[in-house]
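The chain contents come next:
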Amino acid sequence: MKTPACIAALGAALVLAACGGGSDSESTPTPAQGGGGGTADGAQVFTQNCANCHTLAAAGSKGQVGPNLDDLRPGPDLVKTQTENGGGAMPSFKGKLSDAEIQAVADYVSENAGKS
Ligand code: HEC
């Protein structure tokens, strides 16, 4: 039997709970992949945003526009500040990357620079 209310609610997330049949009412929602949620993958952020300009052996990148991060070995605070504000020929990533992504890439670079 079809319920008109369920059809009317199509498109809303609630439709899953409202019309799902009730067998899995306790299921937790799965976070969208790479959706800029609470956690971020620093390696992925680096590859997608920084690798073109920076060399970092751990990420397999050989960019030549900015300084070689394996040589520079910046601490997390420097990476964070530079990524948020930009500087020299480097663009600011504030507004493009979430705070979580900036933090993740800062940790990733500071932990991996000069290590491989
Ligand atoms: C368009 C090229 C470009 C991109 C993309 C880029 N950078 Fe840079 N980056 C530079 C340049 C050029 C400099 C040198 C800036 C200067 O001379 O002050 C630099 C400097 C840096 C420094 C050193 C800052 C200092 O004070 O010594 C860090 C750390 C850094 N970038 C990290 C990153 C990270 C992390 C990303 C990705 C989120 C990124 N960069 C993306 C070009 C880029």
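Residues numbered from 1 in each chain as written. Predicted model: local features only at pLDDT ≥ 70, side-chain atom pairs only at ≥ 80, totals over all residues. Heavy atoms only, no water.

Caption draft 1: Local environment of the nonpolar core. If you look at the biggest cluster of nonpolar residues, it comprises 15 residues, and the most contacted ones within it are Phe46, Leu56, Leu69, Leu97, Val105, Tyr108 and Val109. Every element with two or more residues in this core is listed here: helix H3 (42-49) and helix H6 (99-112). Sort the elements by how many residues they give to this core and H6 lands first, with 5 residues. Once residues lying within four places of it in the same chain are set aside, the contact partners of Val109 are Phe46, Leu56, Leu69, Pro74 and Val79. (Core = buried A, V, L, I, M, F, W, Y, C linked by side-chain atoms within 4.5 Å. Buried < 20%, exposed > 50% of the residue type's maximum accessible area, 1.4 Å probe, protein only. Helix = DSSP H or I, 4+ residues; strand = E, 2+ residues; numbered from the N terminus. Contact = heavy atoms within 4.5 Å.)

Caption draft 2: Expanded view of the site of the ligand. Taken together, the neighbourhood of the ligand is formed by 20 residues, with Asn49, Cys50, Cys53, His54 and Met90 sitting nearest. His54 has a polar side-chain atom sitting 2.7 Å from a nitrogen atom of the ligand. Secondary-structure elements contributing two or more residues to the shell around the ligand are helix H4 (69-72) and helix H5 (76-85). Ranked by residues supplied to the shell around the ligand, first place goes to H5 with 4 residues. Among the residues forming the shell around the ligand, the class breakdown is 13 nonpolar, 7 polar and no charged. (Near = heavy atom within 4 Å. Polar contact = N/O pair within 3.5 Å; in protein donor to acceptor, adjacent residues only side chain to side chain. Nonpolar A, V, L, I, M, F, W, Y, C, P; charged D, E, K, R; others polar.)

Caption draft 3: Looking closely at the coordination of the iron atom of the ligand. Surrounding the iron atom of the ligand are the protein donor atoms His54 (NE2) and Met90 (SD), which sit 1.9 to 2.0 Å from the metal. Angles of 88 to 179° at the metal separate the 6 donor atoms of the iron atom of the ligand, which places the site in the octahedral class. Taken as a pair, His54 in the loop between H3 and strand S1 (55-56) and Met90 in the loop between H5 and H6 lie far apart in primary sequence, 36 residues in all. (Donors = N, O, S within 2.8 Å, 3.2 Å for Na, K, Ca; no water. Tetrahedral: all angles 85-135°; square planar, octahedral: opposite > 155°, others 65-115°.)

Caption draft 4: Looking closely at the environment of Ser98. The residue Ser98 is located in the loop between H5 and H6 in this model. Residues Ser98 and Thr39, 59 residues apart in the sequence, show an inter-C-alpha distance of 9.8 Å.

Caption draft 5: A look at the side chain of Asp70. Examined against the element boundaries, Asp70 turns out to sit in helix H4. Among buried Asp, Glu, Lys and Arg side chains, Asp70 stands out as unpaired, with Arg73 the closest opposite charge at 7.0 Å. Side-chain polar atoms of Asp70 contact the backbone nitrogen of Gly114, separated by 2.8 Å. Not counting chain neighbours up to four residues away, the residues in contact with Asp70 comprise Thr55, Leu56, Ala57, Asn112, Ala113, Gly114 and Lys115. (Lys, Arg positive; Asp, Glu negative; His and termini not counted. Salt bridge = Lys/Arg side-chain N within 4 Å of Asp/Glu carboxyl O.)

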